[in-house]
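# Results of the structural survey
Given next are the chains, with one letter for each unit.
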Amino acid sequence: MKKDYYNILGIDKKASEEDVKKAFRKLAQKHHPDKGGDESKFKEITEAYSTLSDTKKRREYDSYGQSFAGAGERQAGGFGGFQGGGFGQGGIEFDFSDLFQGGGFGDIFGGGRQQQVRRGRDISIDIQISFKDSILGTKRQVLITKVGKCDVCSGKGAKPGTEMETCTTCNGQGKVRETRDSILGAFTSVRECSVCEGTGKVPKTKCAHCSGRGVLRREEEINIDVPRGIDNGEMIRMPGLGEAIAHGASGDLYIKIHVNPHPEFKKEGTNLVMHMPVKLTDALLGSTVTVKTIDDKELEVKVPVMTSTEETLRIRGKGVHTASGTGDLYIHLSTQLPKKLSGKAKKVLEELKTEGL
């Protein structure tokens, strides 16, 4: 009975070569026997991959239900191209850490693998600021506990002045090869040396402060520059101020900003908006009022004679100052009607009424 290789890999018959590789890599991670997977299932998906990844074999399989070249190879050298210590007809040895640590089979079949840089964990914190500080910018200091580089050995793990020597576990290679026997044959995998953490060097005398780890958990004071015009919920990224890792780059620190609301002002882009009630007489006759700006300065604003109950004044250059420019201040005016009129006020209004007002 013909095996449905497409179904085994969970792909469509029109799948591209890249789709075939991705499907195989995903299933290989799940079913590899060295990872506790099902050996028979791993054998099956490898057989499917060895056929569908080869253009000639795939064409024969699609046309005749089998791959004639593939069948002959399996008789000669095991299933799916696995022979002894590696993958493929040539017995190519490869690093299984690529498969299980994100390197991918694209690196294996592409003729090389890029060295991945070790990187510490990113961390995030939340800080609360006033609306005024969000508009004008501010500086904050926070104390956080995180894994950082040892100040004594500068992250090297060695006692100051001590020389580094070749790691005897990996002979300075930074990697250790392991050969395992399974039903599929002998597999040679390569992993990072756990003694020197892939560097090939170890300190002759370890740093007493961090016990040779190069990093330790400690409190650190961070200075944060909050830029002008930052919005509520925005994040500030501080590269390299996350958690440190031995023989690698530190992660990043992310600060989420929470802005407290202001009783008078609101921010709309680079503009500031405020509301101001205007007395009926000021609306009819015009006036000059004093407005306190967001930076606590007093601003004389001329209110013109209003022709409607609600109008908006625009004060140029009194909004948010940013690197890209400065916004404006918008004052929404609304006529405030008196709740109670005196007899004199009523008499005046009656006179105005006769003039058609």
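In every chain, residue numbers begin from 1 and rise along the written sequence. It should be noted that, the model being predicted, local features are given only for residues of pLDDT at least 70 and side-chain atom pairs only at 80 or more, the latter also being counted only at that level, while totals for whole chains, interfaces and linings use all residues. The side-chain figures draw on all heavy atoms in the structure; neither hydrogens nor water molecules are used.

Further remarks concern the overall build of the protein. Secondary structure elements are taken from DSSP: a helix is a run of H or I of four residues or more, a strand is a run of E of two residues or more, and numbering for both begins at the N terminus. Helices and strands together make up the secondary structure of the protein, namely 10 helices and 19 strands. Restricting the contact set of the protein to residue pairs at least 6 apart, pairs at least 24 apart contribute 62%. To be clear on the numbers: accessible area is Shrake-Rupley with a 1.4 Å probe, and residue cover counts the displayed protein chains and nothing else. Split by element, the accessible area of the protein, about 21700 Å² in all, is 48% carbon and sulfur. Pairs of residues are marked as contacts when any of their non-hydrogen atoms sit within 4.5 Å.

Our next topic: the sheet that holds strand β3 (residues 123–129). Paired strands, in this sense, are two strands between which DSSP finds at least two bridges. Pairing is mixed in the open sheet, where 3 strands are placed in the order β3-β11-β10. Strands with a single pairing partner mark the edges of an open sheet, and in this sheet they are β3 and β10 (235–238). Across the sheet, the axes of successive neighbouring strands diverge by a mean angle of 25°, strand direction being ignored. Sheet analysis places β10 next to strand β11 (residues 253–259), joined by 4 bridges and oriented antiparallel. Along β11, the bridge assignment pairs I236 with I255. Axes, fitted as lines to C-alpha atoms, cover a helix only where it is in contact. Angles between the N-to-C directions of the axes lie from 0 to 180 degrees.

Each helix should span, by expectation, one fewer than its residue count multiplied by 1.5 Å. Counted at 1.5 Å a residue, the expected span for helix α2 (residues 17–31) with its 15 residues is 21 Å, and the 21 Å between its end C-alpha atoms agrees. Buried within α2 are the following residues: V20, A23, F24, R25, L27, A28 and H31. Burial here depends on accessible area, computed with a 1.4 Å probe over protein chains only, as a share of the maximum for the residue type. Under 20% is buried, over 50% is exposed, and the range in between is partly exposed.

This part is about the state of the cysteines. By disulfide we mean two sulfur atoms from cysteines, separated by a distance within 2.5 Å. A complete count under the given rule lists 0 disulfides for this structure. Sulfur of C196: no disulfide; nearest cysteine sulfur belongs to C170 and is 3.6 Å away.

Turning to the sheet that holds strand β19 (residues 329–336), a few remarks are in order. Reading across from one edge, β12-β13-β19-β16 is the order of the 4 strands in this open sheet, with mixed pairing throughout. Taken across any chain shown, the strands that pair with only one partner, and hence form the sheet edges, are β12 (265–268) and β16 (310–315). On average, each strand axis in the sheet is inclined to that of its neighbour by 30°, with strand direction left out of account. Note: strand β13 (residues 271–279) against β19, 8 bridges, orientation parallel. Bridge pairing in β19 places P277 opposite S334.

Here strand β14 (residues 287–292) pairs with strand β15 (residues 298–303) via 6 bridges, running antiparallel. The residue bridging T290 from the neighbouring strand is E300, located in β15. Taking the residues that link successive antiparallel strands as the turn, the β14-β15 hairpin has 5 residues, and the phi of D296 there is positive, at about 70°.

Our next topic: the pattern of salt bridges. For this analysis, a salt bridge means a side-chain nitrogen from Lys or Arg found within 4 Å of a carboxyl oxygen belonging to Asp or Glu. Scanning the entire structure with this criterion turns up 14 salt bridges. A salt bridge links K3 to E47; its shortest N-O distance comes to 3.6 Å. Of the two residues, K3 sits in the segment before α1 (5–9) while E47 sits in helix α3 (residues 39–52), which places them 44 residues apart along the sequence. Judged by relative accessible area, which is 40%, K3 ranks as partly exposed. K267 is paired through a salt bridge with D231; the nearest N and O atoms lie 2.7 Å apart.

This part is about the packing of α2 against α3. Running from amino to carboxyl end, α2 crosses α3 at an angle of 165°, the nearest separation of the two axes being 10 Å. Classed by the angle they form, the pair α2 and α3 counts as roughly antiparallel. When you trace α2 past α3, the crossing you get is left-handed. The residues of α3 that touch α2, namely those facing V20, K21, F24, L27, A28 and H31, are K41, F42, I45, T46, Y49 and L52. Taken together, the residues of the contact of α2 with α3 break down into 8 nonpolar, 2 polar and 2 charged. An angle below 35 degrees is treated as roughly parallel, one above 145 as roughly antiparallel, one from 65 to 115 as roughly perpendicular, and anything else as oblique. The crossing is said to be left-handed when, going from far helix to near helix, the turn is anticlockwise and less than a right angle, and right-handed when the turn is clockwise. Each residue gets one label: Ala, Val, Leu, Ile, Met, Phe, Trp, Tyr, Cys and Pro are nonpolar, Asp, Glu, Lys and Arg are charged, and the others, such as Gly, are polar.

A few words on the packing of aromatic side chains. Stacked, tilted and edge-to-face are the three classes assigned to paired rings of Phe, Tyr and Trp, where Trp is represented by its six-membered ring and a pair needs centres within 6.5 Å; plane angles under 30 degrees give stacked, over 60 edge-to-face, the rest tilted. The final tally for this structure, using the stated rule, is 3 aromatic pairs. Their ring planes at 15° and their centres at 4.3 Å tell us that F24 and Y49 sit as a pair that is stacked. In this pair, F24 is assigned in helix α2 and Y49 in helix α3, connecting sequence segments 25 residues apart. Summarising the burial analysis for this pair, F24 and Y49 share the class buried. Grouped by ring-pair contacts, the aromatic residues Y5, Y6 and Y61 constitute a single cluster.

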